[in-house]
Amino acid sequence: MQVFFYIFALLSIVSAAGVLFLRNPIHSALSLVGTFFCLGAIYVMLNAEFVAVIQVLVYAGAIMVLFLFVLMLLSNEEGMQQHAIRWTPAKGVAAVATLVVFLQIVSSFLSPAMRLGEPGTYDAATVAETGSIAVIGRLLFTEYLLPFEVISILLLVAVIGAVVIAKRRFN
């Protein structure tokens, strides 16, 4: 089982590198689909079948269809070709911010609490007793109801903004 984990982890890293380094945006998006499927396989190996199915259905299915739709809508032949990267101050700030976030993530994995593996609100026995989907549903609609609703409103605003931008462009 551990061999399969390493195989899918390596495939996931290779696919993620393809997202970064492929010149064609369509190929990058398809490489991202490969990354999503590899992550879904890793979730299955972790006995998180619900998260794996959601990963494949939502991200590899719906989100990637939206990405490809936007790429096809907004790109033209000139936009599909690789241009030289021009560094601007904004891109420099974004690169530094990305590095800071990456270092924070690495430091959180190295913290004593993470190394000890402190359990959260629901331990393994509770999840096994009630089922992971029931625990996810209970948490989603009790503790995390406000963030859930905020994200849904944010996605609705993003869809409306995309429609307005596309309508303006084609009028």
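Shown above is the structure to which this text applies.
The present account deals with the structure reproduced in this document. (Residues numbered from 1 in each chain as written. Predicted model: local features only at pLDDT ≥ 70, side-chain atom pairs only at ≥ 80, totals over all residues. Heavy atoms only, no water.)

Focus: helix 2 (residues 25–45)
The end-to-end C-alpha distance of helix 2 is 31 Å, a good match for the 30 Å that 21 residues give at a rise of 1.5 Å each. Those residues of helix 2 not exposed but buried are I26, S28, A29, S31, V33, T35, F36, C38, G40, A41, I42 and M45. Measuring from the side-chain oxygen of the N-cap residue of helix 2 to the backbone nitrogen of I26 gives 3.0 Å; that N-cap residue is N24. At the exit of helix 2 stands N47, carrying a positive phi of roughly 60 degrees. (Helix = DSSP H or I, 4+ residues; strand = E, 2+ residues; numbered from the N terminus. Expected span 1.5 Å × (residues − 1). Buried < 20%, exposed > 50% of the residue type's maximum accessible area, 1.4 Å probe, protein only. Polar contact = N/O pair within 3.5 Å; in protein donor to acceptor, adjacent residues only side chain to side chain.)

Re the packing of aromatic side chains
By the definition in use, this model includes three aromatic pairs. With a centroid separation of 5.6 Å and 75 degrees between ring planes, the pair formed by F141 and F148 is classed as edge-to-face. (Phe/Tyr/Trp six-rings, centres within 6.5 Å; stacked < 30°, edge-to-face > 60°.)

Focus: the packing of helix 1 (residues 2–21) against helix 2
Axis separation between helix 1 and helix 2 bottoms out at 8 Å; the angle between their running directions is 160 degrees. Judged by the angle between their axes, helix 1 and helix 2 are roughly antiparallel. Here helix 1 runs over helix 2; the crossing is left-handed. Together, F4, F5, F8, A9, L11, S12, S15, A16, G18 and V19 of helix 1 and S28, S31, L32, G34, T35, C38, L39, A41, I42 and M45 of helix 2 make up the contact between the two elements. (Axes fitted to C-alpha atoms, helices over the stretch in contact; angles between N-to-C directions. Parallel < 35°, antiparallel > 145°, perpendicular 65-115°, else oblique. Left-handed = near helix turned anticlockwise from the far one by under 90°. Contact = heavy atoms within 4.5 Å.)

Digging into unusual backbone geometry
Positive phi, close to 60 degrees, is recorded for N47, a residue that is not glycine. By the element assignment, N47 lies in the loop between helix 2 and helix 3 (49–74).

A few points about the environment of F36
Here F36 shows up in helix 2. With relative accessibility at 12%, the residue F36 sits in the buried group. Measuring from C-alpha to C-alpha, the distance between F36 and V58 comes to 9.9 Å, with 22 residues separating the pair along the chain. Leave out the neighbours within four places in its chain, and F36 touches Q55, Y59, A60 and M64.

What to know about a nonpolar patch on the surface
Taken together, the side chains of F50, V51, V53, I54, L57, V58, Y59, I133 and I136 make up a nonpolar region of the molecular surface, amounting to roughly 710 Å² of accessible area. Elements represented by at least two residues in the nonpolar patch include exactly helix 3 and helix 8 (132–140). The greatest single-element share of the nonpolar patch, amounting to seven residues, is contributed by helix 3. With respect to the secondary-structure elements, L57 resides in helix 3. Exposure remark for L57: the relative accessible area of 55% places this residue in the exposed category. (Patch = residues over 30% accessible without salt bridge, like charges linked within 9 Å, V, L, I, M, F, W, Y side chains within 5 Å. Areas by Shrake-Rupley, 256 points an atom, 1.4 Å probe, with all protein chains shown as cover. Salt bridge = Lys/Arg side-chain N within 4 Å of Asp/Glu carboxyl O.)

Thoughts on the environment of Y43
Mapped onto the elements, Y43 comes out in helix 2. Sequence-wise, Y43 and F5 are 38 residues apart; in three dimensions their C-alpha atoms are separated by 9.8 Å.

Some details on the nonpolar core
One recurring pattern in soluble globular proteins: nonpolar side chains tend to sit buried together. By size, the foremost hydrophobic cluster in this structure holds five residues: A29, V33, F36, A60 and M64. Those elements giving two or more residues to this core turn out to be helix 2 and helix 3. In terms of residue count, the dominant contributor to this core is helix 2 (three residues). (Core = buried A, V, L, I, M, F, W, Y, C linked by side-chain atoms within 4.5 Å.)

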